[in-house]
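Close look at the chain arrangement
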Amino acid sequence: MRSMWTNKQRSMWTVMVLQSRPDLIVIQISSVSSRLSICNLSERSCEGLSSVLRSQYSSLTHLDLDNMDLKDSGLKILSDGLRSPDCKLETLRLSGCLITEEGCSSLVSALKSNPSHLRLLDLSYNHPGASGQELSALVEDPHWTLDTTDKTRLTSGSRYFCELTLDPNTANEKLKLSENNKKVERVEEVQSYPDHQDRFENWEQLMCSTGLTGRCYWEVQLSGNVDISVTYRGIRRKGKSRDCVFGGNDQSWSLICYEGGYGVYHNKKYTDLPQSSSSSGTVSVYVDCPAGSVSYTVSSDKLIHIYTFKTTFTEPLFGGFTLWTGSSVSLCDV
């Protein structure tokens, strides 16, 4: 970043991003405050921001990046600036920045190396995973004055949260819906559903009513063995072929939750996952259609990232569930 301020301006200044794209940051210098609040910051632009934090002339103390698509790569770059002994930042807000354990680990390392100034850290609506526990340990350290508002999980307050309902026209006849189509149970009694072309005929499955585009996430509470999926609307519904099963084709992606473990299933390929925790609890599903990713995390006593599918989506997605004997699924509200 080219220097464009005078020695007088260096004494107290802040940066306001007026325009940002991957190869350019346009900045405005002010000698009034030391707060930075920006929008549409790209990952590559973080290089310039990191150099601001490293500058001995900077008096920047408040940095608000809430709801930015910073991601792990952007936070790693930003962490280089936080490591600098010249960094004077006191408040850092990173709510809803698509950060996972990898990025949070870089942040923890930076804070440990330069803990003198930061007082407030907001990591709500992210996925810090095990690194969130390290942050909690820093908060409890009496030598620190850090006050973290880290929630260690995406919650219903996230800007990406979508409130879904189950589509009764897709429900197999051994699935019983309740609670205004927010809950479904696998039962043995055949339900008296009318004929419908969208109904799953031979597999105990159903879909949600609303298509998903852009970025969104939802949470479900499950009991028993359940497959949690995203699928294109055109998946086959009739017949006993495995092509009708979520994950048994190239149109759907499934997390298999069973007692004691997890697996993933797509295009007839099943992969067992190494996690060994109970499948009962709350599962969060985060979908980023433009980026082509579907991520699953589970929370009980702590947050665990289970798996992320990476692909290219060509159609809107729908949430879908397969329920096995004695299982149930409830969609969480805001």
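- For the chain, an unreviewed UniProt entry supplies the name B30.2/SPRY domain-containing protein and the organism Sphaeramia orbicularis.

Considering the overall build of the chain
- Within the chain, the regular secondary structure consists of five helices and 20 strands.
- Buried positions account for 52% of the 334 residues belonging to the chain.
- Across the chain, contacts joining residues at least 24 apart in sequence account for 67% of those joining residues at least 6 apart.
- Carbon and sulfur atoms provide 47% of the accessible area of the chain, an area that totals close to 15,200 Å².

Remarks on the sheet that holds strand β13 (residues 252-258)
- Spatial ordering of the open sheet is given by β10-β19-β12-β13-β14-β15, a layout of six strands whose pairing is antiparallel. Each of the sheet's edge strands pairs with one partner strand only, and the pair in question is β10 (205-207) and β15 (269-272). Across the sheet, the mean angle from the axis of one strand to that of its neighbour is 20°, orientation sign disregarded.
- With four bridges joining them, strand β14 (residues 261-266) and β15 adopt antiparallel strand pairing. Residue pairing for β15: histidine 266 is matched across the bridge by lysine 269.

Focus: the pairing of strand β17 (residues 293-299)
- Within β17, seven of the seven residues are buried, which leaves it mostly tucked inside the rest of the structure.
- Burial along β17 is two-sided: the face carrying Ser293, Ser295, Thr297 and Ser299 and the face carrying Val294, Tyr296 and Val298 are both buried.
- The pairing of strand β16 (residues 281-288) with β17 spans seven bridges and is antiparallel. In the strand pairing of β17, valine 287 is matched with valine 294.
- Hairpin geometry of β16 and β17 is characterised by an intervening segment of four residues between the two adjacent antiparallel strands and by a positive phi of about 70° at glycine 292.

Description of unusual backbone geometry
- Not every positive phi belongs to a glycine, and glutamate 179 is a case in point at roughly 55°.
- In this fold, glutamate 179 is placed in the loop between β8 (175-178) and β9 (183-186).
- Here asparagine 181, not a glycine, exhibits a phi torsion of approximately 60°, which is positive.
- Note on placement: asparagine 181 falls in the loop between β8 and β9.

Re the environment of tryptophan 324
- With respect to the helices, strands and loops of the structure, tryptophan 324 is situated in the loop between β19 (318-323) and β20 (328-331).
- Given the relative accessible area of 34%, tryptophan 324 is considered partly exposed.
- C-alpha separation for the pair tryptophan 324 and glutamate 185, spaced 139 residues apart in sequence, amounts to 9.2 Å.
- If near-sequence neighbours (up to four positions away) are discounted, tryptophan 324 is found in contact with Arg186, Asn225, Val226 and Asp227.

Brief notes about the nonpolar core
- In this structure, Trp218, Ile228, Val287 and Phe321 are the most contacted members of the largest nonpolar core, which totals 40 residues.
- In terms of residue count, strand β11 (residues 215-223) provides more of this core than any other element does, four residues in total.
- Among the nonpolar cores identified, the runner-up in size contains 28 residues, and Leu53, Met68, Leu92 and Leu118 belong to it.

Observations regarding the pattern of salt bridges
- Scanning all chains against the criterion turns up 11 salt bridges.
- In this structure, the salt-bridge partner of glutamate 188 is lysine 174, at a minimum N-O distance of 4.0 Å. With glutamate 188 in the loop between β9 and β10 and lysine 174 in the loop between β7 (147-148) and β8, this residue pair connects regions lying 14 residues apart in the sequence.
- Exposure remark for glutamate 188: the relative accessible area of 49% places this residue in the partly exposed category.
- Linking arginine 186 and glutamate 204 is a salt bridge whose minimum nitrogen-to-oxygen distance equals 3.7 Å. Pair noted here: arginine 186 is in strand β9 and glutamate 204 is in the loop between β9 and β10, with a separation of 18 residues, a long-range link. Just as arginine 186 is buried, glutamate 204 falls in that class too.
- One salt-bridge network, held together by shared partners, links Glu163, Lys182 and Asp333.

Rules used in this analysis
Numbering of residues starts from 1 in each chain and follows the order in which that chain's sequence is written. Only residues with pLDDT of 70 or above have their local features reported here, since the model is predicted, and side-chain atom pairs are shown and tallied only from 80 upward, although totals for entire chains, interfaces and linings are computed over all residues. By convention in this description, side-chain values take in all heavy atoms of the structure and omit both hydrogens and water. Each helix corresponds to a stretch of at least 4 residues labelled H or I by DSSP, and each strand to a stretch of at least 2 residues labelled E; elements are numbered beginning at the N terminus. Relative accessibility decides the category of a residue: with a 1.4 Å probe and only protein chains considered, values under 20% of the type maximum give buried, values over 50% give exposed, and everything between is partly exposed. Contacts: residue pairs with any heavy atoms within 4.5 Å of one another. To be clear on the numbers: accessible area is Shrake-Rupley with a 1.4 Å probe, and residue cover counts the displayed protein chains and nothing else. Note on pairing: two strands pair once DSSP finds at least 2 bridges between them. To obtain an axis, a line is fitted to C-alpha atoms, over the contacting stretch when the element is a helix, and the angle between two such axes runs from 0 to 180 degrees between their N-to-C directions. Residues grouped as a nonpolar core are buried Ala, Val, Leu, Ile, Met, Phe, Trp, Tyr and Cys residues, joined through side-chain atoms within 4.5 Å. Every case where a carboxyl oxygen of Asp or Glu lies within 4 Å of a side-chain nitrogen of Lys or Arg is listed as a salt bridge.

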